[in-house]
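These are the residues of each chain, in order.
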Amino acid sequence: MQVSTTLSIPINKIRDSADDWRNRLLGLNAVADCITAGSIRRWCDAIERIDLAISTCSIEEVLDFAAAQPDVEIVLARKEKRMLLRLNSGIPLQLWLDHPSNFGGLALAATGSINHFAHLQRLARANGYALKEDGELTHAGKSVACPTEEQIYREIGLPFITPELREDRGEIEAAQQGNLPELITREDLHADLHMHTNWSDGDNSIREMALAAIDLGHQVIAICDHSPLVCGRIYGKSINAGNYFQQKEEIQKIRGELGDKIRIVHGIEVDIRPDGTLDLEDEILQQFELVIASLHTAHDQPRETITDRLIQAIRHPCVKIIAHPSGRDLPGTGAEADWEQVFKAAVENSKVLEINSNPHHLDLNDRLARQAAEMGAKFSIDTDAHRASALVNLKYGVGIARKARLQKDAIITCLEKEDLLRFLNIDR
Ligand SMILES: [Zn+2]
Ligand SMILES: [Zn+2]
């Protein structure tokens, strides 16, 4: 039961829909447990459908309940323990069901990836077991009860492997050697260095963004509104150098009010123009505490031009972070560059690459972040929030960082306030 096209619906909307369905199913007495599985659980940046793994002794009853839900457009396929539906929103939903004694195997099969699961099947065979497509583990023809995933991994001689890593990209070998990486969590992050306010195209004021960030436990935030080119051309809002100085005064005032609760950094997201120059004069850029640079136009230039453009920005003395490096707007693919050259330039010039957690960007993605990490790059995980409620999107950047196996010491937003400000060369 495969529907393999990547959805153009933003990842946060798909996750919300998955949570909603999960809660509905958990509300049934017949359902003992239900988890979101598939590419969502693996924190993939491309999601083709929602997969839910359901632990129940009343499979028929749960299938009937699901098929009768008002947001179901059509039941595409119904089998003994599996059902594929399409929701009115256009999102395909696949339900995987089994008895609690086999929930571990079911969750494993429903989570995938196909390659990770196939590798486990080979290991199971080598250990005298059979791991069936639906996750049932058998030994000498008899079912082995495995209510948890941990138990299946244990039976075939492995420690638990976290879902983000399940792509068969070396994680099984690492697990066999006892070398699974320690992954960061949301609690390791103390800062968010990219967000917008109503000074450019954001919905909230600086104060509102700061208060929301305090609630999330952040020690440092950077207000990085857009430069004139992007404000004018894309959002039809005119902004000039004078406005940034007024903004600086407002930030200083709010800092006075909020005291030590949070350090608000006055930054800017300056556009990298099609010719590789920045959208503001150096004398103006020098007035900001933090300059992050990014592509917003001419993404379709040839690969060499994009590469030069990014490297020129990386070499600019005012720039500290390259935000959403490919400039992709999902489901678009963004600009094409020689990423090895770009990452090399970032490492050589001690510039930071962003992992943009905005569900429309998710940029760098986990593959490029991994490649950059192997070259010694540093990262900043930011939300690029355009409203206070979007500051929670940091979890998407955490998902990418975990999938990319980034270590804490490579992520500057994991630094405590003093160390981060020192790293960025910003006054206390
Ligand atoms: Zn941007
Ligand atoms: Zn931005």
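Rules used in this analysis
Residues numbered from 1 in each chain as written. Chains lettered and ligands numbered in written order. Predicted model: local features only at pLDDT ≥ 70, side-chain atom pairs only at ≥ 80, totals over all residues. Heavy atoms only, no water. Helix = DSSP H or I, 4+ residues; strand = E, 2+ residues; numbered from the N terminus. Rg over C-alpha atoms; globule rule 2.2 N^0.38 Å. Contact = heavy atoms within 4.5 Å. Donors = N, O, S within 2.8 Å, 3.2 Å for Na, K, Ca; no water. Polar contact = N/O pair within 3.5 Å; in protein donor to acceptor, adjacent residues only side chain to side chain. Pairing = 2+ DSSP bridges. Axes fitted to C-alpha atoms, helices over the stretch in contact; angles between N-to-C directions. Buried < 20%, exposed > 50% of the residue type's maximum accessible area, 1.4 Å probe, protein only. Right-handed = clockwise from strand over helix to strand, strands pointing away. 1 Å grid on protein atoms, 1.4 Å probe; cavity = no way out; pocket = protein on both sides within 12 Å on 5 of 7 lines; lining within 4 Å. Points joined across faces, edges and corners; volume = space filled by probe spheres on them. Nonpolar A, V, L, I, M, F, W, Y, C, P; charged D, E, K, R; others polar. Expected span 1.5 Å × (residues − 1). Arc of directions from axis to C-beta.

(A) Up close: the overall build of the protein. Along its length, the protein carries 16 helices and 15 strands. Its C-alpha atoms give the protein a radius of gyration of 24 Å, within 12% of the compact-globule value 22 Å for 428 residues. Its C-alpha atoms give the protein principal-axis dimensions of roughly 75 × 45 × 45 Å. Partitioning the contacts of the protein with sequence separation of at least 6, the portion at a separation of at least 24 is 69%.

(B) A look at the coordination of the zinc ion (ligand 1). Listed as protein donors to the zinc ion (ligand 1) are Glu269 (OE), His296 (NE2) and His324 (NE2); their distances from the metal cover 2.1 to 2.2 Å. The metal-metal distance between the zinc ion (ligand 1) and the zinc ion (ligand 2) is 3.3 Å, with glutamate 269 serving as a donor to both. In this pair, glutamate 269 is assigned in strand E11 (residues 263-271) and histidine 296 in the loop between strand E12 (290-294) and helix H12 (303-315), connecting sequence segments 27 residues apart.

(C) The environment of asparagine 88, seen in detail. With respect to the helices and strands, asparagine 88 occurs in the loop between strand E4 (82-87) and strand E5 (92-98). Spatially, the C-alpha atom of asparagine 88 lies 39 Å from that of leucine 229, the residues being 141 residues apart in sequence. Residues within four places of asparagine 88 in sequence aside, it is in contact with Pro70, Asp71, Val72 and Glu73. A distance of 3.5 Å separates a polar atom in the side chain of asparagine 88 from the backbone nitrogen of glutamate 73.

(D) Highlighting the sheet that holds strand E2 (residues 50-56). Taken together, five strands build an open sheet; the order of strands is E1-E2-E5-E4-E3 and the sheet is mixed. Looking at strand neighbours, the two that pair on one side only are strand E1 (31-36) and strand E3 (72-78), the edges of this open sheet. Taken over all neighbouring pairs, the strand axes of this sheet differ in orientation by 25° on average, direction set aside. Pairing of E2 with E5, which is carried by six bridges, proceeds in the parallel orientation. Its bridge partner lying in E5, alanine 53 is registered against tryptophan 96. With respect to the sheet, helix H1 (residues 11-26) is in contact with E1, E2, E3, E4 and E5, its orientation differing from that of E1 by roughly 175°. Docked against the sheet, helix H4 (residues 103-111) engages E1, E2 and E5, running at close to 175° with respect to E2.

(E) Just the environment of serine 326, in detail. Note that serine 326 resides in the loop between strand E13 (319-322) and helix H13 (339-348). When its relative accessible area of 5% is taken as the criterion, serine 326 is described as buried. Distance from serine 326 to phenylalanine 343, taken between C-alpha atoms, is 12 Å for residues 17 residues apart in sequence. Excluding residues within four positions of it along the chain, serine 326 makes contact with Leu295, His299, Thr333, Gly334, Ala335, Trp339 and Asp363.

(F) Spotlight on the pairing of E13. As judged from the three bridges shared by E12 and E13, these two strands associate in the parallel manner. Bridge pairing in E13 places isoleucine 292 opposite isoleucine 321. Handedness of the crossover joining E12 and E13 through H12 is recorded here as right-handed. For E13 and strand E14 (residues 352-356), the ladder comprises two bridges, and the chain directions are parallel.

(G) Region of the structure containing empty space enclosed by the protein. Enumeration over the complete set of coordinates arrives at one cavity of 30 Å³ or more. Around the largest cavity, the lining residues are Ile11, Trp43, Cys44, Asp45, Leu362, Tyr396, Gly399 and Ile400. For the lining of the largest cavity, the element with the highest residue contribution is helix H15 (residues 394-403), accounting for three residues. Counted by class, the lining of the largest cavity contains six nonpolar, one polar and one charged residues.

(H) Structural context of the sheet that holds strand E7 (residues 137-139). Read across the sheet, three strands follow the order E6-E7-E8 without closing on themselves; strand pairing throughout is antiparallel. Only two strands of the sheet have a single neighbouring strand rather than two, namely strand E6 (129-131) and strand E8 (142-143). The pairing of E7 with E8 spans two bridges and is classified as antiparallel. Bridge pairing in E8 links histidine 139 to lysine 142. Against the sheet, helix H5 (residues 114-126) touches E6 and E7, its axis set at about 160° to E6.

(I) Here's a closer look at H1. A rise of 1.5 Å per residue sets the reference length of H1, with its 16 residues, at 22 Å; its end C-alpha atoms lie 22 Å apart and thus fit the reference within 8%. All of the buried residues along H1 are Ile11, Ile14, Arg15, Ser17, Ala18, Trp21 and Leu25. For H1, the angular spread of the buried residues around the axis is 160°, confining them to a single face.

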